[in-house]
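Coordinate analysis (summary)
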Amino acid sequence: MSHHLLQGKKGIIFGALDERSMAWKAAQRVVEEGASITLTNAPIALRMGKINELAKECNAEVIPADATSLSDLEDLFSKSMEKLGGKLDFILHSIGMSPNVRKNVPYTATNYDNFQKTLDISALSFHKVLQTAMKLDALNEWASVIGLSYIAAQRTFPGYNDMAEAKALLESIARSFGYHYGNKRKVRVNTVSQSPTVTTAGSGVSGFDAFFHYADKMSPLGNANADDCANFCVVLFSDLTRMVTMQNLYHDGGFSSMGVSQAIVEDMSGR
Ligand code: NAI
């Protein structure tokens, strides 16, 4: 159901790969709420993915951009402003990839070239997006920028490997850039720390099934799913959250405040 919370707003959604992607659901929801958008992903993902289906549904242009490339990002922002007819009001950075996770390289025997790629793709790209937006003066005052994060930035989840460092860096960039962009243009920058969610990136993490169910049993509300995440993004892009910035906002059904739940205690009893 639409509340017209984003009527007339314009934005860019990064990272919709297939219908399970968090960005896919977010794109559908922001359009439902009245926004017009462009969609973007890495050129290779565009070839593999089904983004054109989503683009048709959302009446959106697809503009390829490798989020680690400043020239691709400049092109993306320029074209997005041209297509959408003006400056932008929101950006969703929904990008994550670790070559070490993909290739099952253990954390304690990491490959540092891979590690640097993890940081570049999953965290520095957020800085590059913000820096490019600022350089081109592409965002309206009170625009809202979100990066998606995970609680492995604060707590240890061994299977998450070097993505933990990437998320810690991503959240730090939100605070640091949030200061500068807030001062300069009243732009808000936040990260949303989402529950484990069944997507291509999520299920690539080793032991994902186990910790998905563990988090679900630990959280009083259960895991937040991709539809819930899309709703939360709508609220954060809306004018109803104008004074929220430089925050890492847990969107996890209560997981981050838990020690242990009765359901987990019962699971462990009788062992
Ligand atoms: P996904 O695999 O659908 O999305 C990841 C996206 O990153 C893909 O569309 C991929 O093409 C894109 N990407 C990779 N390299 C890129 C590059 N160089 N330039 C531009 N785009 C690039 O998976 P999901 O789960 O929707 O991931 C979205 C975000 O949510 C990621 O930041 C992820 O870490 C985060 N997240 C995911 C959770 C989960 O359990 N699935 C939990 C918490 C956060």
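Here the structure is shown first, and the text comes after it.
The shown structure was predicted, so the numbers you read here are calculated from the model rather than taken from an experiment. (Residues numbered from 1 in each chain as written. Predicted model: local features only at pLDDT ≥ 70, side-chain atom pairs only at ≥ 80, totals over all residues. Heavy atoms only, no water.)

One can find Pro43 in helix 2 (residues 43-48). Along the backbone, Pro43 and Ile63 are 20 residues apart, and their C-alpha atoms lie at a distance of 8.9 Å. In contact with Pro43, other than residues within four places in its own chain, are Pro64, Ala65 and Asp66. (Helix = DSSP H or I, 4+ residues; strand = E, 2+ residues; numbered from the N terminus. Contact = heavy atoms within 4.5 Å.)

Mapped onto the elements, Pro158 comes out in the loop between strand 5 (139-149) and helix 7 (163-185). We classify Pro158 as exposed; its relative accessible area is 71%. (Buried < 20%, exposed > 50% of the residue type's maximum accessible area, 1.4 Å probe, protein only.)

Moving on to the site of the ligand. Around the ligand, the surrounding shell holds 29 residues, and the nearest of these are Ser21, Asn41, Lys167, Thr197 and Thr199. One of the backbone nitrogen or oxygen atoms of Met22 is found 2.9 Å away from an oxygen atom of the ligand. One of the backbone N or O atoms of Ile95 is found 3.0 Å from an oxygen atom in the ligand. Contact with the protein chains removes 93% of the 820 Å² of surface that the ligand exposes when unbound. Elements represented by at least two residues in the shell around the ligand include exactly strand 5, helix 7 and helix 8 (200-203). Broken down by element, the residue count for the shell around the ligand peaks at three residues, all from helix 8. Counted by class, the shell around the ligand contains 15 nonpolar, twelve polar and two charged residues. (Near = heavy atom within 4 Å. Polar contact = N/O pair within 3.5 Å; in protein donor to acceptor, adjacent residues only side chain to side chain. Areas by Shrake-Rupley, 256 points an atom, 1.4 Å probe, with all protein chains shown as cover. Nonpolar A, V, L, I, M, F, W, Y, C, P; charged D, E, K, R; others polar.)

By the definition in use, this model includes eleven salt bridges. The closest approach of N and O atoms between Arg185 and Asp137, which form a salt bridge, is 3.3 Å. Of the two residues, Arg185 is situated in helix 7 and Asp137 in the loop between helix 6 (112-135) and strand 5; the sequence distance between them amounts to 48 residues. Its relative accessible area of 32% is what places Asp137 among the partly exposed residues. A salt bridge links Asp267 to Lys217, with the nearest nitrogen and oxygen atoms 3.0 Å apart. Of the two residues, Asp267 is situated in helix 11 (residues 262-268) and Lys217 in helix 9 (residues 208-218); the sequence distance between them amounts to 50 residues. Asp267 sits in the partly exposed class, given a relative accessible area of 38%. Judged by its relative accessible area of 38%, Lys217 falls in the partly exposed class. (Salt bridge = Lys/Arg side-chain N within 4 Å of Asp/Glu carboxyl O.)

Worth remembering: the numbers are spatial, not functional.
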